[in-house]
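Spelled out from the first residue to the last, the chains are:
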Amino acid sequence: MNATISEVKNYVGGEVTIGAWLANKRSSGKIQFLELRDGTGFIQGVVLKNEVSEQVWEDAKSLTQESSLYISGTVREDKRAPSGFELTVTGLSVIQIAHDYPITPKEHGVEFLMDHRHLWLRSSRQHAILRIRNQIIKATYDFFNDNGFIKVDPPILTGSSAEGTTDLFHTKYFDRDAYLSQSGQLYMEAAAMAFGKVFSFGPAFRAEKSKTRRHLIEFWMIEPEMAFCDHEMNLRVQENYVSYIVAQVLKNCANDLKAIGRDTTKLEKIKAPFPRITYDQAIEFLKEQGFDDIEWGDDFGSPHETAIAEHFDVPVFVTEYPTKVKAFYMKPVPGREDVVLCADLLAPEGYGEIIGGSQRIDDLDLMKKRYEQFNLNDPSYKWYLELRQYGTVPHSGFGLGLERAVAWICGLEHIREASPFPRLLNRIYP
RNA sequence: UCCACAGUAGCUCAGCGGCAGAGCAAUCGGCUGUUAACCGAUCGGUCGUAGGUUCGAACCCUACCUGUGGAGCCA
């Protein structure tokens, strides 16, 4: 019977054949222990010299780390095995003997592992992280589909920048200039005016020389946008969504969280509603904490964000930032033009901003004024202004960085492990 | 772009002015319950690159290259 390692528990006492790689091997004269992996899990195969043919014994002896094979054996429950099951080997067929596999069972440095990312993905730790990433992706699709959103995909190649602040990757669009998208938000606003509630999930590119544990050059972003939705409703969607993905990971990835040593008691506290503080209050708080390098009107630096987030053990919304430090499309707080209806969601444990969101300007005249202020009268922005011209409505949305969420939920030291093939400053290989 | 730290065997590191080292990996041998197995042996080097100081440089100095951490910017 062909089986995967994850299915082996259904065949106790029976004989199975598994396609696998050799993760490690320990031998002892007349007994060999083969640590096998097949992508679904790990199992130990036990080869006994006086119970198998000479050929099987010699083939087992020839196996090296990451050699590929089909292996047959009898499934047995065993308390000594980490998974509870072992395979008493009856036969094996070598596909390929691998020579000099670079990643050994000992420790390695970051540079070496990143150079071998295509092989590093085979390790149990990377497996656990990427399975949790997959669970977050699945939970994202489920959450938005179950709440009346439809997925609409914004373009990746664009003729102009969405916010004008960050550096974009430049490319050619036949004989014209084009850029890789840093955000699909403006397009999602158009989609929201067509479908009501929409979300996107796709790659974003930022050509910034950022070099920290929180930054990727290419990352995946989830960007919901909702018509007839104000700032307050927007925050509620955000806290419900984040609580949902954390709950789904806790429910469905217990083994993976254990494999990477995540303290799940910290995740169990992540339940909506989340605390909120205004920018005004945050500035006051920072002054009390002894920060003298920030004044009202400045955007927060990393140390400021960390100080605020450390004060809470759940994510915290910082709301109503000064108009001048935020994007041109954010709606001012009624009766107070100097701050806008926006919020950043700061993750606990120093993981920084995982969501940025706002209510958007719906007033045509105000948006025209912003176009003047931000010099957006280029024809490529005309369509965005027209969204306010033909049946404008209050609307809001946000963007969540997938890898930052993965890094936080997994408790990773660095965001690079949250992406299968991370693009970092000076690294586009493999 | 700026600041800090680091490049020595395939990998992780020690050596810090006087003979180039260890553990792991690899290769060979031993062991019937191993879990990063263990034990013995063998193999393994342009000390990042270029220049300088010195009787003598892996070690001190200068420049460059590469990497890592951080700042700014952001999700």
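Our subject is the structure that appears above.
Residues numbered from 1 in each chain as written. Chains lettered and ligands numbered in written order. Predicted model: local features only at pLDDT ≥ 70, side-chain atom pairs only at ≥ 80, totals over all residues. Heavy atoms only, no water.

(A) Summary view of the overall build of chain A. What chain A contains, in helices and strands, is 13 helices and 18 strands. Referenced to the eigenvectors of the C-alpha coordinate spread, the extents of chain A come out at roughly 85 × 55 × 40 Å. Put simply, chain A has 430 residues, and 49% of those count as buried. Residue pairs in contact within chain A that sit at least 24 positions apart in sequence constitute 65% of those at least 6 positions apart. Total accessible area on chain A is roughly 20900 Å²; 51% of this is exposed by carbon and sulfur atoms. Of note, chain A has its 49 positive side-chain charges centred 5 Å away from the centre of its 60 negative side-chain charges. (Helix = DSSP H or I, 4+ residues; strand = E, 2+ residues; numbered from the N terminus. Buried < 20%, exposed > 50% of the residue type's maximum accessible area, 1.4 Å probe, protein only. Contact = heavy atoms within 4.5 Å. Areas by Shrake-Rupley, 256 points an atom, 1.4 Å probe, with all protein chains shown as cover. Lys, Arg positive; Asp, Glu negative; His and termini not counted. Charge placed at Lys NZ, Arg CZ, Asp CG, Glu CD.)

(B) Just the nonpolar core, in detail. Counting residues in hydrophobic clusters, the biggest one holds 57 residues, and the most contacted among them are Ile 132, Ile 136, Phe 144, Tyr 241, Val 242, Trp 408 and Ile 409. Residues contacting Trp 408, with those up to four places away along its chain left out, are Val 242, Val 246, Arg 262, Ile 270, Pro 315, Ala 347, Pro 348, Glu 349, Tyr 351 and Ile 354. Residues Ile 308, Val 316, Met 330 and Leu 385 belong to the second largest nonpolar core, which totals 31 residues. (Core = buried A, V, L, I, M, F, W, Y, C linked by side-chain atoms within 4.5 Å.)

(C) Expanded view of the packing of helix α4 (residues 124-146) against helix α6 (residues 231-252). Put simply, α4 and α6 touch, their axes get as near as 9 Å, and they point 135° apart. On the basis of their axis angle, the class for α4 and α6 is oblique. The chirality of how α4 crosses α6 is right-handed. Here Ile 132, Gln 135, Ile 136, Ala 139, Thr 140, Asp 142, Phe 143 and Phe 144 of α4 come into contact with α6, specifically with Val 237, Asn 240, Tyr 241, Tyr 244, Ile 245, Gln 248, Val 249 and Asn 252. Looking at the contact of α4 with α6, its residues break down into 10 nonpolar, 5 polar and 1 charged. (Axes fitted to C-alpha atoms, helices over the stretch in contact; angles between N-to-C directions. Parallel < 35°, antiparallel > 145°, perpendicular 65-115°, else oblique. Left-handed = near helix turned anticlockwise from the far one by under 90°. Nonpolar A, V, L, I, M, F, W, Y, C, P; charged D, E, K, R; others polar.)

(D) Structural detail: the pairing of strand β18 (residues 395-401). Most of β18 is tucked away, with 7 of its 7 residues classed as buried. Of the two faces of β18, both are covered, the one formed by His 395, Gly 397, Gly 399 and Gly 401 as well as the one formed by Ser 396, Phe 398 and Leu 400. As judged from the 5 bridges shared by strand β17 (residues 352-359) and β18, these two strands associate in the antiparallel manner. Bridging from a neighbouring strand, Gly 356 pairs with Gly 399 of β18. (Pairing = 2+ DSSP bridges.)

(E) Seen up close, the side chain of Gln 32. Tracing the sequence through the fold places Gln 32 in strand β2 (residues 31-37). Judged by its relative accessible area of 1%, Gln 32 is buried. For Gln 32, the side chain forms a polar contact with the main-chain oxygen of Trp 57, separated by 3.4 Å. There is a polar contact of 3.4 Å between the side chain of Gln 32 and the backbone nitrogen of Lys 61. Excluding its chain neighbours within four sequence positions, the residues that come into contact with Gln 32 are Lys 25, Arg 26, Ser 27, Gly 45, Val 46, Val 47, Trp 57, Ala 60 and Lys 61. (Polar contact = N/O pair within 3.5 Å; in protein donor to acceptor, adjacent residues only side chain to side chain.)

(F) α4, seen in detail. For α4, spanning 23 residues, the distance from its first C-alpha to its last is 32 Å, which sits close to the expected 33 Å at 1.5 Å a residue. Among the residues trailing α4, Gly 148 stands out with phi positive, at a value near 85°. (Expected span 1.5 Å × (residues − 1).)

(G) Structural view of empty space enclosed by the protein. Taken as a whole, this structure holds 2 cavities of 30 Å³ or more when the rule is applied. The volume enclosed by the second largest cavity comes to roughly 30 Å³. In terms of lining residues, the second largest cavity is bounded by Arg 37, Asp 38, Gly 39, Thr 40, Gly 41, Phe 42 and His 127. A class-by-class count of the residues in the lining of the second largest cavity yields 1 nonpolar, 4 polar and 2 charged. (1 Å grid on protein atoms, 1.4 Å probe; cavity = no way out; pocket = protein on both sides within 12 Å on 5 of 7 lines; lining within 4 Å. Points joined across faces, edges and corners; volume = space filled by probe spheres on them.)

(H) Representation of the protein's contact with RNA strand B in the model. Around RNA strand B lies a shell of 50 residues, among which Asn 24, Asn 50, Arg 206, Arg 213 and Glu 353 are the nearest. At the protein interface, 49% of the atoms of RNA strand B within 4 Å belong to sugar or phosphate. A distance of 2.3 Å separates a sugar or linking oxygen of RNA strand B from a polar atom in the backbone of Glu 353. Examining the composition of the surface near RNA strand B, we find that 4 residues originate from one element, β17, more than from any other. Of the residues assigned to the surface near RNA strand B, the class counts are 12 nonpolar, 19 polar and 19 charged. (Near = heavy atom within 4 Å.)

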